[in-house]
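An overview of the molecular structure
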Amino acid sequence: MQHLPILPILFPMLAAVFMLLPPLCKSTERQRVFAVTMMIIIVITSVLLLLTSHQEGTQMYILGGWQPPFGIALVADRLSTMMVLLTSVLSLGALLYACAGDDKTGMYFHPLFMFQVMGINGAFLTGDIFNLFVFFEILLIASYALLIHGGGKQKTKANVHYVILNLVGSSIFLFALGILYGTIGSLNIADMASKVRLLGEHEQSLAKVGGLLLLVVFSLKAAMLPLNFWLPKTYAVASAPVAALFAIMTKVGIYSILRVHTVIFGEDAGALASIAIPWLWPLAILTLIIGAIGVLASPNLRLTVANLVIISVGTLLIALAMQRESATSAALYYMLHTTLVTGALFLIADLISKQRGQAEDRYVVSRKITHGKILGIAFFISALTVVGMPPLSGFLGKVLILQAAEGFTEIAWVWPVILIAGVASLIAISRAGTTIFWRYSKESTNSEPIHPMKIMAVVLLLSASPLLVVFGGPVTDFTHQAAVQLHDTAQSVDALIPGGNK
Amino acid sequence: MEAIYAFCVGILTTCGFFLVLRGRTFTVVIGLTMLSYAVNLFLFASGRLKVDGAAVLGQSAEYSDPLPQALVLTAIVIGFAMTAFVVILAMRSRADQGDDHVDGQAPSSNSESNAADKRNG
């Protein structure tokens, strides 16, 4: 189908618009049915898109028929379609959870949710760096409103910090784009990749400034040290389905670093090759360390999960910094696993906190948790996965990343840091589990029922983990091919601009 | 022309960053606005400054790059929307927290906060 690549952007946009209009805008029930149906359609579209781009090669969608590099193009290669599918599955889980009642605590939940999905999908699919900025703004403005969904002092406070930081980030993004357009003369990613090696000496230093400014912006989104201090509080106060959806937001930053600093400023960029790597190495390792400290210091489950997000960001950035196909492939596998599992953990943390009355999800002795069995099993599985114990996907992802470092001098840094961070999260999460499930002062008095839809959402997200192991072979094959495609700059430039790669 | 232009962008950016780092939401909003002005001017200049150059071919002897103008337009629209949002958010935050400090309350204790208020203007 010719129009397939744009559908993951169009469907959520139209869904959001329809939900703002009658007859859907008045009734939450109708909105729920419509939103879930649309989300299932988006998941199916993403699967189709992924299969098409896998079998028939990179799909281009040239908007308005203006040939690149002059017009706007969407590029659906293996990496971007994989990320779109990941977003859709995660959003379906978060949406199912929200439909069990959380969407009623504020207004316009469903339209905002769809706009956010639209922004995320657009950021993954665009082949143009200015459109990357536009889609960033779409997903950000939806996330500003979603973050404050439900209201309350804590949310307002976290939202003020989040909004101000991201607005400054957007300004820096635009400065970087101005510099890059002024020097390279193009905003199309493939075109920039082919032109960046032809720059003169004066322009090189300017383009380097632009490239590194982009790294600053993306690391703010990805929560790389020293720009990660906003993340734990923000994610911990957001309502559960929103926090689960936000699990993909840091990955948008990682994806952008991967795209810009592998394709434009990759190994073939002449004097500007790999400008980000000297910064990425130390910062990635420090991010991992501060994530591990944060996990150990967290006083409640939600903060623990938010710090686990930082650990996963650190791990991914280390894999990115290795700049090899094997490492990128491992990072992609780990990204699939960590996004879905942290999303599920945010949902589980919310379920647990609803069962414990006043104590919520803090690590204190309180009354016995009702529905302990089902919540315990869900928590146990997700804990095993997120810490990286065999036999689930976390283990496989970490092994792949560790393997990618084998045989290089980096091994001396990578192995100890990743393994010690693993131990730290193991300690923190076992403390969380024992306090919440086993230490109680009295039997539970009232039992709040758990909505079956919430269980379904958690099961949907958690089932990804064993599936990623069972189908480990095909999935790693796919991530490897995606990594090869990403690192092969010549091929991706040729696909967009025939003969442009001279 | 280039020197004055660059000077203006530089001054606006410096003021913007200084104000963004202040403690009260009002100054922060002013700072964000200045930053967006600076960035719009900067983007506009990324197509090089030219006098008497129309953006449409055939209208004048020299032509200027039309793309930065399109980019600036997009950036202005987005910046405007974001400013509107942050103003509302700042008011909401003032109402929710009872204070217009970005952290919800000034970091110092009560007796010192008056002095801090005077310093912050």
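This text goes with the structure placed above it.
Residues numbered from 1 in each chain as written. Chains lettered and ligands numbered in written order. Predicted model: local features only at pLDDT ≥ 70, side-chain atom pairs only at ≥ 80, totals over all residues. Heavy atoms only, no water.

**Some points on the overall build of chain B**
Within chain B one finds four helices and zero strands. Sequence-ordered secondary structure for chain B, helices as α and strands as β, is α-α-α-α. Of all 121 residues assigned to chain B, the portion counted as buried reaches 36%. Across chain B, every contact between residues at least 6 apart in sequence was considered, and the portion connecting residues at least 24 apart equals 50%. As presented, chain B carries roughly 7,300 Å² of accessible surface, and 65% of it is formed by carbon and sulfur atoms. (Helix = DSSP H or I, 4+ residues; strand = E, 2+ residues; numbered from the N terminus. Buried < 20%, exposed > 50% of the residue type's maximum accessible area, 1.4 Å probe, protein only. Contact = heavy atoms within 4.5 Å. Areas by Shrake-Rupley, 256 points an atom, 1.4 Å probe, with all protein chains shown as cover.)

**What about the overall build of chain A?**
Across its full length, chain A holds 21 helices and two strands. Computed over C-alpha atoms, the radius of gyration of chain A comes to 22 Å, within 12% of the 23 Å expected from 2.2 N^0.38 for 502 residues, which places it in the range of a compact globule. Seen through its C-alpha atoms, chain A measures out along the principal axes to roughly 75 × 60 × 40 Å. Expressed as a percentage of its 502 residues, the buried residues of chain A come to 64%. In chain A, 79% of the contacts between residues at least 6 apart in sequence involve partners at least 24 apart. By element, 68% of the accessible surface of chain A is carried by carbon and sulfur atoms, the whole surface being about 17,800 Å². In chain A, which carries 29 positive and 23 negative side-chain charges, the distance between the mean positions of the two groups comes to 15 Å. (Rg over C-alpha atoms; globule rule 2.2 N^0.38 Å. Lys, Arg positive; Asp, Glu negative; His and termini not counted. Charge placed at Lys NZ, Arg CZ, Asp CG, Glu CD.)

**A word on the side chain of Q116 of chain A**
Residue and element names in this part refer to chain A. Here Q116 lies in helix α4 (residues 109-125). Overall, the relative accessible area of 0% leaves Q116 in the buried class. Not counting residues up to four positions away in its chain, the partners in contact with Q116 are L139, A142, S143, L146, L245, F246 and M249.

**Comments concerning the interface of chain B and chain A**
Taken together, the contacts link 30 residues of chain B with 29 residues of chain A. Both sides together, the interface formed by chain B and chain A hides about 2,700 Å², and carbon and sulfur atoms give 79% of it. Area buried by chain B at its contact with chain A is led by M82, F85 and L89 of chain B, which between them contribute 20% of it. Taken together, the links from chain B to chain A amount to six residue pairs in polar contact (both at pLDDT 80 or more). Elements that contribute at least two residues to the side of chain B that touches chain A include exactly α1 (2-20), α2 (25-45) and α3 (67-97) of chain B. The greatest single-element share of the side of chain B that touches chain A, amounting to 14 residues, is contributed by α3 of chain B. Of the residues contributing to the side of chain B that touches chain A, the split by class is 19 nonpolar, six polar and five charged. (Buried area = accessible area lost by both parts, 1.4 Å probe. Polar contact = N/O pair within 3.5 Å; in protein donor to acceptor, adjacent residues only side chain to side chain. Nonpolar A, V, L, I, M, F, W, Y, C, P; charged D, E, K, R; others polar.)

**Here's the deal with the pairing of strand β2 (residues 73-76) of chain A**
Residue and element names in this part refer to chain A. On β2, burial covers both faces: A73 and V75 on one face and L74 and A76 on the other are all buried. As defined by bridge partners, strand β1 (residues 59-62) adjoins β2 across four bridges and the pair is classed as antiparallel. Paired with M60 across the strands is V75, a residue of β2. (Pairing = 2+ DSSP bridges.)

**Concerning unusual backbone geometry**
Residues and elements named next belong to chain A. The omega angle of the peptide bond from L225 to P226 is 0°, so this bond is cis rather than trans. For P226, the position within the fold is in the loop between α8 (201-222) and α9 (231-237). Of note, the bond from P390 into P391 is cis; its omega dihedral lies within 30 degrees of zero at 10°. Secondary-structure assignment places P391 in the loop between α15 (372-387) and α16 (393-405). We note that Y108 has phi near 55°; this positive angle belongs to a residue other than glycine. Examined against the element boundaries, Y108 turns out to sit in the loop between α3 (78-98) and α4. Its identity as a non-glycine residue notwithstanding, A223 has a phi of 65°, on the positive side. Here A223 shows up in the loop between α8 and α9. Overall, the relative accessible area of 0% leaves A223 in the buried class.

**Notes on the environment of F408 of chain A**
With respect to the element layout, F408 of chain A can be found in the loop between α16 and α17 (411-438). Note on F408 of chain A: relative accessible area 38%, which makes it partly exposed.

**Focus: a nonpolar patch on the surface**
There is a patch of nonpolar side chains on the surface, built from L14, V17, F18, L20, L21, M107 and Y108 of chain A and spanning about 680 Å² of accessible area. We classify V17 of chain A as partly exposed; its relative accessible area is 35%. (Patch = residues over 30% accessible without salt bridge, like charges linked within 9 Å, V, L, I, M, F, W, Y side chains within 5 Å. Salt bridge = Lys/Arg side-chain N within 4 Å of Asp/Glu carboxyl O.)

**Details of the pattern of salt bridges**
Residue and element names in this part refer to chain A. Evaluation of the coordinates by the stated rule reveals eleven salt bridges over all chains. In this structure, R302 engages D361 in a salt bridge whose closest nitrogen and oxygen atoms are separated by 3.1 Å. Of the two residues, R302 is situated in helix α13 (residues 301-322) and D361 in the loop between α14 (325-355) and α15; the sequence distance between them amounts to 59 residues. Relative accessible area serves as the criterion here: at 4%, D361 is assigned to the buried category. The salt bridge involving R324 is made with E410; its shortest N-O contact spans 3.3 Å. Taken as a pair, R324 in the loop between α13 and α14 and E410 in the loop between α16 and α17 lie far apart in primary sequence, 86 residues in all. Comparing R324 with E410, the two get one shared label, buried. Taken together, the shared-partner salt bridges in this structure form one network comprising E29, R32 and D103.

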